Every structure is written in structure tokens, then in C-alpha cells.
Amino acid sequence: MPVQMNLVEKLVWNDLNLAPGIVSDYFTGMAFRVAELAIKMGIFEVLDSNIPLTALEVAEKIKAGPRGTYLMLEALDALKYVKKATNNSYTNTKLTSKWLVESSPHSIHRGVKLFKHLLFDRLESLEETIRNDHPADTIWEWLNKFPDGWEFFQEGMMFGAKLAADELLCHLKFPAKATPHRLLDVGGGHGIYSVKACLKHAHVEGTIFDWPNSVAIGKKIVGANQLLQKIHFIEGDFEKDTWPSGFDTVFLFSIIHGYLEEGNTTLFRKIYCSLNSEGRVVILDLMVDTPYGTFNKTIAKLMGLTLFNDVAGETHSFEHVKAWLQNAGFECIKKRKLLKSPYTMIVASKGKKGQS
Ligand SMILES: C[S@@+](CC[C@H](N)C(=O)[O-])C[C@H]1O[C@@H](n2cnc3c(N)ncnc32)[C@H](O)[C@@H]1O
């Protein structure tokens, strides 16, 4: 949980400007660091059995010292990741049980490693990027510096996919027809969106078009879902290589933020050519003009800055994306803000009769 303030504290630190607000940013950063370390050290896993444990018992199980473990648990209690009972023992809170332990179907605990690296390593280059008005390297080059870089990157991406996929698929119809509905997932990486679409609709067949490093991870996830017969892979570069064609739907999720007008218009034209006559493209991304939510709006601006550092990209407005889609020939362009994630989905069809 973010560091919370009561009404008086909020007045003093935020609204009346009687104390410097940057201090609360500092403690929020510290809170993330503590929660990330708790995941890494296995604290939430040993508390996953619903049997409350004392600090000493937790310390023994995670093979750590009693005093440090006690102070960690106290901090985690203040942050509402664990709950302290009257007998000085601790359990996971519902928040932790749902999102941060391996046994939960919603778990994003592996994805948190990406956040840590982005926050504490990758952002070190932000000043240089801003001074030069261009990043010195891309996040892709940076990932290669870690032995498990591509794994933790895709685990982090899966966090967003797990939040967004079900809600997104609720809003998309895949009408049945004589032949399978062919779905192309451009930069589909981990494959979660294609997996969920194929599991939900038996007549959908997927193709994931991504670099070999990401395809290797996608294959594992598709295989674990017994879908290797229905989801195919193209190992390649979607900027440089020839595109396949004959698709009914193209997914373009968390890709347009890596490009500006020219790059995105080129991508949209390639997608247009790869679609059947009544096909559609579905875009999912953070939008800088997101219609509501203080949190959503702030995320879109912060990510715009960090995407500049990562891939010389930024977050875009719906109006811009719509104009680029129109330039590429798309029609019936609609947007929908998802509620359970910060993303907006945009659907555009190739012809007037196209599905949306
Ligand atoms: C930000 S991730 C998005 C992953 C997934 N679509 C999602 O929304 O969770 C970008 C993906 O695009 C892939 N990618 C980026 N540039 C690419 C390129 N030029 N050719 C092929 N794949 C690329 C990366 O490997 C990665 O899997």
C-alpha cells in the first residue's frame, strides 16, 4: 500500500504546503523497496499458510536475523502488507495474499523485480537522456546486461496483462465463422493476451510476432497452457522483417508508446496490409489524455518520461493516435478506458463493416 496520511497529515504535507511534499515521495520509494525485499526474502511465502507466525519463527524460516526480521515485519504491518495480531504474530493481509504470493492466480510477485530494476537502475540514466534529448541506450540493450533480463522484463509485462486481459476480452467479440478467427499479437512477448483469447474462444488461433528472446518466454507460457497447437510464433523484427497477412484481428499492446508519429503510422500501415478486408486492430496503451483518475493521469505522465529514457518513446493522446490510424486507412475508431488497469483500449476497423 502507498504510505497513507490521515486528514491532518494530508493538510500539513499536501494541501496547506506547511511541510515539503517530496518527503512523502521519499517514503513511498522506501515502502516499495521494503515490499520488494520482503518478496525477495520469501517473507510473504512463509506467511502464506494462514497460520500466524512470530518474528522469531519467520526469521528461522527465511534464515535471517531476529531483530532485522522483526523490524521488517513491523514496517510491513504499517504498510498493510502484513497484519499483526494481539499475540505478536503476523499474517499476510488480503492485499498480499491476492497479489504477492506465488500460490495466488493473480500473483504478480515475479513482476516486481522489473519495477525494482527500472526504479533503482534504469532511471540512473534519466539525467543524461534529458541532457542529450535522447537515451544513450534502449531498454532492450540494457536488458541484455542481466542474465535473466528478458525473463524479468516479461514477468513485469505480465503484471499489466493479468490486470487488463479479462476486462479487455469482455469488450471484444470474436464472431464465429467457417474458418478460425486469426489473431496476430504484434510484440505479444509473454503471450498472456493470446492465451486468454484462445482459451475464451475455441475458434481463435493466435500468432505472436516478436524477437527471439521474447518468443522463448512466450513459448513456455503458451506450452504451460497446452496451446502450442493453436498459438504460433514468428521470431522476427516487426520493424525490419516481412509481415504475415490474412488476419482478422491484430493486437498491438504496449507498443505504440515506443514510437512517435512516423513510426506508429508505418506500423499502422503494416497492420492494415496484414488484415483481412473486415479486420480490426486493437491497441492497448497508457493515454496521456486518459479521461479520469488522478492516479491514471499521473502514471501516464510519469511513464511518458520513463519511456523516453527507455525507448525514445512517450505516451500519446487519443486524438493523435486516431489521426495516425486514419492516415493509415482505418475507420470506426473507438476508445474505452479500462477500469482495472491504467490502460485505454482503441479499436479501429479496416472497412466500414469491420468488427469492433
Ligand atoms: C512493452 S512489451 C509489450 C508486451 C505485450 N504486448 C504486453 O502488452 O504485455 C514490448 C514487446 O515488443 C517486443 N518488441 C519490441 N520491439 C520489437 C521489434 N522491433 N520487433 C519485434 N518485437 C519487438 C518486445 O520483445 C516485447 O515483447
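Residues take numbers from 1 onward in each chain, read along the sequence in its written order. Local features in this predicted model are restricted to residues whose pLDDT is 70 or higher, and side-chain atom pairs enter the listing and the counts only when it is 80 or higher, whereas totals over whole chains, interfaces and linings include all residues.

Points about the sheet that holds strand β5 (residues 204-210)
Part 1: Should DSSP find at least two bridges between two strands, the strands are regarded as paired. A run of H or I in DSSP becomes a helix once it reaches four residues, and a run of E becomes a strand once it reaches two; helices and strands are each numbered from the N terminus. Spatial ordering of the open sheet is given by β6-β5-β4-β7-β8-β10-β9, a layout of seven strands whose pairing is mixed. Edge positions in the open sheet fall to β6 (231-235) and β9 (331-337), since each of these has one partner strand only. Between one strand axis and the next, the sheet turns by 20° as a mean value, whatever way the strands run.
Part 2: Direction of pairing for strand β8 (residues 275-285) relative to strand β10 (residues 344-349): antiparallel, over a ladder of six bridges. Within β10, the position partnered with isoleucine 283 by the bridge is isoleucine 346.
Part 3: Here helix α12 (residues 212-224) sits on the sheet and contacts β5 and β6; the angle it forms with β6, its principal contact strand, is near 170°.
Part 4: A pair of residues counts as a contact when their C-beta atoms, built from backbone coordinates, are separated by no more than 7 Å. For helices, the fitted axis covers only the stretch in contact; all axes are lines through C-alpha atoms, and the angles between them, taken along N-to-C directions, range from 0 to 180 degrees. Across the sheet, helix α15 (residues 318-327) touches β8, β9 and β10, and the angle it forms with β10 is around 20°.

Quick look at the site of the ligand
Part 1: Placing a C-beta atom from the backbone of each residue, we mark the residue near a molecule or strand if the atom is within 6 Å of it. Close to the ligand lie 15 residues, the nearest being Gly187, Gly189, Ser214, Phe253 and Ser254.
Part 2: Examining the composition of the shell around the ligand, we find that three residues originate from one element, helix α10 (residues 149-170), more than from any other.
Part 3: Note that Gly is not counted as nonpolar here; it falls among the polar residues with everything else outside the nonpolar set of Ala, Val, Leu, Ile, Met, Phe, Trp, Tyr, Cys and Pro and the charged set of Asp, Glu, Lys and Arg. A breakdown of the residues in the shell around the ligand according to their chemical character gives six nonpolar, six polar and three charged.

Here's the deal with the pairing of strand β3 (residues 89-92)
Two faces belong to every sheet, and in a regular strand the side chains alternate between them.
Part 1: Residues Tyr90 and Asn92 point to one face of β3 and are all buried, whereas Ser89 and Thr91, pointing to the other face, are not buried.
Part 2: The pairing of strand β1 (residues 53-54) with β3 spans two bridges and is antiparallel. Paired with leucine 53 across the strands is tyrosine 90, a residue of β3.
Part 3: Across three bridges, the pairing between strand β2 (residues 82-84) and β3 is antiparallel. Residue pairing across strands places lysine 84 opposite tyrosine 90, the latter belonging to β3. Three classes are used. A residue is buried when 20 or more other C-beta atoms lie within 10 Å of its own, exposed when 12 or fewer do, and partly exposed in between, with C-beta atoms placed from the backbone.

Quick word on helix α13 (residues 261-274)
Helical geometry: 3.6 residues make up each α-helical turn, so side chains three or four residues apart lie on a common side.
Part 1: Expected span of a helix: the number of residues minus one, times 1.5 Å. With 14 residues, α13 extends 20 Å from end C-alpha to end C-alpha; this agrees with the ideal 20 Å at 1.5 Å per step.
Part 2: Considered for burial, the residues of α13 that qualify are Asn264, Leu267, Phe268, Ile271 and Ser274. All buried residues of α13 lie within an arc of 120° about the axis, which places them on one face of the element. Set apart from the buried face of α13 by more than 90 degrees, the exposed residues are Glu262 and Cys273.
Part 3: Elements that come into contact with the buried residues of α13 comprise β4 (181-186), β7 (247-253), β8 and α15. The arc in question is traced by the directions running from the helix axis to the C-beta atoms.

What about the domain arrangement of the protein chain?
Part 1: The start and end points of each domain follow an automatic or database-based domain assignment. Considered domain by domain, the protein chain is made up of domain 1 (7-102) and domain 2 (155-290 + 313-349).
Part 2: The straight-line distance from the C-alpha centre of domain 1 to that of domain 2 is 37 Å.

Section: the sheet that holds β3
Part 1: The strand order across the open sheet formed by three strands is β1-β3-β2, and the pairing between neighbours is antiparallel. Because the sheet does not close on itself, it has two edges, and the strands there are β1 and β2.
Part 2: Running at roughly 105° to β2, helix α5 (residues 66-78) makes contact with β2 and β3 of the sheet.

A closer look at the nonpolar core
Part 1: Judged by nonpolar contacts, the single largest core of 73 residues is most densely connected at Val250, Leu252 and Ile283.
Part 2: With nine residues, α10 is the single largest residue contributor to this core.
Part 3: Lining this core are residues from two domains, each supplying at least three of them: domain 1 (7-102) and domain 2 (155-290 + 313-349).
Part 4: Each residue touching leucine 252, except ones within four places of it in the same chain, is listed here: Val186, Ile271, Val281 and Ile283. In these notes, a nonpolar core means any group of buried Ala, Val, Leu, Ile, Met, Phe, Trp, Tyr and Cys residues linked to one another through C-beta atoms within 7 Å.

A word on the pairing of β6
Part 1: Bridging between β5 and β6 involves five bridges; their strand directions are parallel. Its bridge partner lying in β6, threonine 207 is registered against histidine 232.
Part 2: For the segment spanning β5, α12 and β6, crossover handedness is right-handed. Note on handedness: a crossover is taken as right-handed if, strands pointing away from the viewer, the path from the first strand over the helix to the second is clockwise.

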